[in-house]
Amino acid sequence: MNAININGGTPLYGEMIVGGSKNAILPILAACILTDEKVTVTNVPKITDVDDMLYIMRDLGVKATSSGHSLTIDCSNICNYRISNQHVGKIRSSVILLGAVIARFSCAIMAHPGGCDIGARPIDMHLDAFRQMGVEIRYENDCWLCNTNKLKGTSIALPFPSVGATENIILAAAMANGETIITNAAREPEIVALQDIINLMGGDVKGAGTSTIRIIGKKRYHGCEYTLIPDRIVAGTYMLAACATGGDVLIKNAVPSHNALLIDHIKRMGADCNVLSDNSVRVHKSKRLCAIDYVNTLPFPGFPTDLQPQLMSVLCLANGRSVIRESIYESRFKAAQSLCSLGADIKVTSNDTDGHYAVINGVNDLKGAEIFGTDLRCNAALVIAGLAAHGNTRINNAHFISRGYEDIVGAFLNVGADISEC
Ligand code: EPZ
């Protein structure tokens, strides 16, 4: 997909179904390395981050077969602990393989991980935790070399509730000797999903979803079948699109508790947002939305950084002045430039001493233009803005969006958008 073309300005009506979670399946794929038996995961989204992760895992000797949205992983012939496939540089979550490979082989070699260009994204917390578990680590020839005689359970206090570091520690601790306690752990729903599947495989993990997680190391794990949780960021993107365009959209498989704060913000902006009993959320917007004085992105259950660009698109059209503070990444306001090309009024001030802020003064309408995507969630924000803008918008570099959205063009076509990929 090179570009997305949108003739925007029309309200959306109908149903949108949310698929499985990108940020849950990626650590769950790593968890499969803990067992020689087959693990089948259903509700897996067809996105390029999963494809890239499977490329890397196949290089390790893993067999992966898919049928529809079901994926079966067989690690019985895993024979390689060098995570150095050229795909490692493409996705951040390749780092999540480190914990599981060390757990399985007592050693690992990995090229430095890549991912969206939204900040430096170091992995110091991951490596410090492994060192506390008895892993020797050095950096040579652009690779991290990890080795341990005995992976030992210990208490680890994270300086920041890092999602990836929490997941990596859980995966290494799953086969360590003894008990590991993580304090200041990340609380995201994707961590709970990882706990659930590891326990389904015979593990003993408790506390995911809270700041303290306890893991008892086990020698062996068995296969299982697991249904992936829905993607809360895709669900939130759809909700925000309905807020931007107006109309009446039913978002199914939305798990409201995963987006409680977003739903609160949508109501505060003045849209109707009703949580229905079957894990659906209905967004109905008929009048101009109000600005939100201040939003600060925080670790879960705070406002998710992965919905910040999409919210910024909505606030471009809200009545009044909104301020967004981005506290997780140092350069995640890249959508602002393209939004301003559509007629938005956004001022970004970003430095490491005062912090990273976007001040958005709402305008009455946006006008279509040719714009450029820079990363996964920036592109999602530009799709939302293009759907709301009057006239034609062409989003170049559209390929980033396939990393985390299975078929965003089809999803919006289904609710009446005039959108196509080219
Ligand atoms: C996960 O990334 C998600 N990715 C990100 O989603 C999400 O934005 C992020 O969590 C925060 O919620 C996946 O789950 C695959 P972190 P992760 O470790 O684990 C710093 C998307 O769009 N940090 O919680 O990499 C880091 O630089 C993606 O789906 C260190 O300094 O996030 C960042 O500023 C984008 N040292 C902050 O912590 C470390 O060792 C949060 O990072 C690790 C992280």
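Residues numbered from 1 in each chain as written. Predicted model: local features only at pLDDT ≥ 70, side-chain atom pairs only at ≥ 80, totals over all residues. Heavy atoms only, no water.

Comments concerning the state of the cysteines
Item 1. Within this structure, the stated rule accounts for zero disulfides.
Item 2. Cys75 supplies the cysteine sulfur nearest to Cys32, a cysteine that is in no disulfide, at a spacing of 5.8 Å. (Disulfide = S-S within 2.5 Å.)

Quick notes on unusual backbone geometry
Item 1. In this model, Phe300 is joined to Pro301 through a cis peptide bond whose omega is 10 degrees.
Item 2. Its location among the elements puts Pro301 in the loop between β18 (294–296) and α9 (308–315).
Item 3. The backbone of Asp142 sits at a positive phi, close to 60 degrees, despite the residue not being glycine.
Item 4. Within the fold, Asp142 resides in the loop between β8 (136–140) and β9 (143–147).
Item 5. The backbone of Asn279 shows a phi angle near 60 degrees, a positive value even though the residue is not glycine.
Item 6. Here Asn279 shows up in the loop between β16 (272–276) and β17 (280–285).
Item 7. Judged by relative accessible area, which is 35%, Asn279 ranks as partly exposed. (Helix = DSSP H or I, 4+ residues; strand = E, 2+ residues; numbered from the N terminus. Buried < 20%, exposed > 50% of the residue type's maximum accessible area, 1.4 Å probe, protein only.)

Section: the pattern of salt bridges
Item 1. This structure, assessed with the given rule, holds 16 salt bridges.
Item 2. Lys22 is the salt-bridge partner of Asp49, the closest N and O atoms lying 3.6 Å from each other. Here Asp49 is found in helix α2 (residues 48–59), whereas its partner Lys22 is found in helix α1 (residues 22–31), with 27 residues between them in sequence.
Item 3. A salt bridge links Asp49 to Arg403, with the nearest nitrogen and oxygen atoms 2.7 Å apart. One end of the pair, Asp49, is in helix α2; the other, Arg403, is in the loop between β23 (391–396) and α12 (408–413), with 354 residues separating them in the sequence. In this pair, the class of Asp49 matches that of Arg403, namely buried.
Item 4. Taken together, the shared-partner salt bridges connect Glu179, Asp204, Lys206 and Arg214 into one network. (Salt bridge = Lys/Arg side-chain N within 4 Å of Asp/Glu carboxyl O.)

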